[in-house]
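So you can see what is in the structure, the chains are spelled out below.
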Amino acid sequence: MSDSPRHSLDDLLAIMARLRDPERGCPWDVKQDFASIAAYTIEEAYEVADAIDRRDWHDLRDELGDLLLQVAFHAQMAAEQGLFDFADVAHAISAKMLRRHPHVFGDTRYADLDEQMQAWEAIKAAERADKGAPVDTSTLAGISSGLPEWKRAQKLQQRAAAVGFAWPGPAPVLAKLAEEVDEVRAEFANGADPARLQDEIGDVLFVLVNLARHAGVDFSQALRHANAKFERRFRQMEQLAAADGTAFAERTLDEQEQLWRRAKQQERQP
């Protein structure tokens, strides 16, 4: 470990303030606003998830730092506009955690996890009411439209399941998935109308999220694994083709399929 002094959170906030200084700061940082930085914030959150998925703890430390920088960046811009500062952010989340965990920081007791989750949603509903938000008595109230759509689908299904509107297990979900795939197949047979295909493929994806929920599988993580597996095998196909003296792109589809099978076989070998 370096002998230089360890930097603190206060150092990070001071660095961010200097970067945003109109006279002495970085022109790129000064130019940014909430909207322009939002995409980077989302990207950094995904990179945190990727580091966890790879179990790269050194990288996770760095990626968490990048994500923390995003929080500092937004808080600095808010402070410049007199909206709030980093201390307000820390206070707000601390107060929220205390408020939402009365079974930990108070005398409340829940019979089981289901009762705790119901209380959690009731507390969130009360928070929305305190903010003066329009009264929405729906079970689905408060689910952000800014979430990735797969995550929003998951939350919609969880809320519906909390009041009993859910299949009892994976078997009927699999049956529904087969039904929705058949409807996509029928749309292709009937001329492949883009609007209808969007609707039917959306139904397939919604059911897939439900299937993942029943399986206890994180939909995003499962897709990341599938992407990583495809990339790994595709790169192996390219290497196999190059070793045989012919570029992958110059192979016929049948030849490429043979390379795919070879790549899968090699992957399975100990």
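Up top is the structure these notes are about.
Because the structure is predicted, anything quoted here is derived from the model rather than measured.

Draft legend 1. Just helix α4 (residues 57-80), in detail. Here α4 contains 24 residues, and its C-alpha end-to-end distance of 34 Å stays within 8% of the 34 Å for a straight helix at 1.5 Å per residue. Of all the residues in α4, the buried ones are Asp59, Leu60, Glu63, Gln70, Ala72, Phe73, His74, Ala75, Gln76, Met77 and Ala78. Residues of α4 that are buried in the fold lie against α1 (9-19), α2 (27-31), α3 (34-54) and α5 (86-100). Note on α4: the residue one or two positions beyond its end, Gly82, has a positive phi of about 70°.

Draft legend 2. Region of interest: a nonpolar patch on the surface. Residues Leu9, Leu68, Val71, Leu83, Phe84 and Val89 make up a contiguous nonpolar surface patch of roughly 450 Å² in combined accessible area. Take Val71: it is sitting in helix α4.

Draft legend 3. Fine view of helix α9 (residues 170-189). Taking 1.5 Å of rise per residue, 20 residues should cover 28 Å, and α9 covers 29 Å from first to last C-alpha, within 8% of that figure. Every buried residue of α9 is listed here: Val173, Leu177, Glu180, Val184 and Glu187. One side of α9 carries all its buried residues, which in axial view fall inside an arc of 75°. Exposed residues pointing more than 90 degrees away from the buried face of α9 are listed as Ala171, Arg185 and Ala189. In this fold, the buried residues of α9 make contact with α10 (194-215). The positive-phi residue at the C-terminal boundary of α9 is Gly191, with phi of around 115°.

Draft legend 4. Looking closely at the nonpolar core. Formed by Val173, Leu177, Val184, Leu197, Val204, Val207 and Leu211, the largest nonpolar core amounts to seven residues. Of all the elements in the fold, those that place two or more residues in this core are α9 and α10. At four residues, the largest contribution of residues to this core is made by α10. Non-local contacts of Leu211, meaning those with residues more than four positions away in its chain, are made with Pro170, Val173, Leu174 and Leu177.

Criteria and thresholds
- Residues numbered from 1 in each chain as written.
- Predicted model: local features only at pLDDT ≥ 70, side-chain atom pairs only at ≥ 80, totals over all residues.
- Heavy atoms only, no water.
- Helix = DSSP H or I, 4+ residues; strand = E, 2+ residues; numbered from the N terminus.
- Expected span 1.5 Å × (residues − 1).
- Buried < 20%, exposed > 50% of the residue type's maximum accessible area, 1.4 Å probe, protein only.
- Contact = heavy atoms within 4.5 Å.
- Patch = residues over 30% accessible without salt bridge, like charges linked within 9 Å, V, L, I, M, F, W, Y side chains within 5 Å.
- Areas by Shrake-Rupley, 256 points an atom, 1.4 Å probe, with all protein chains shown as cover.
- Salt bridge = Lys/Arg side-chain N within 4 Å of Asp/Glu carboxyl O.
- Arc of directions from axis to C-beta.
- Core = buried A, V, L, I, M, F, W, Y, C linked by side-chain atoms within 4.5 Å.

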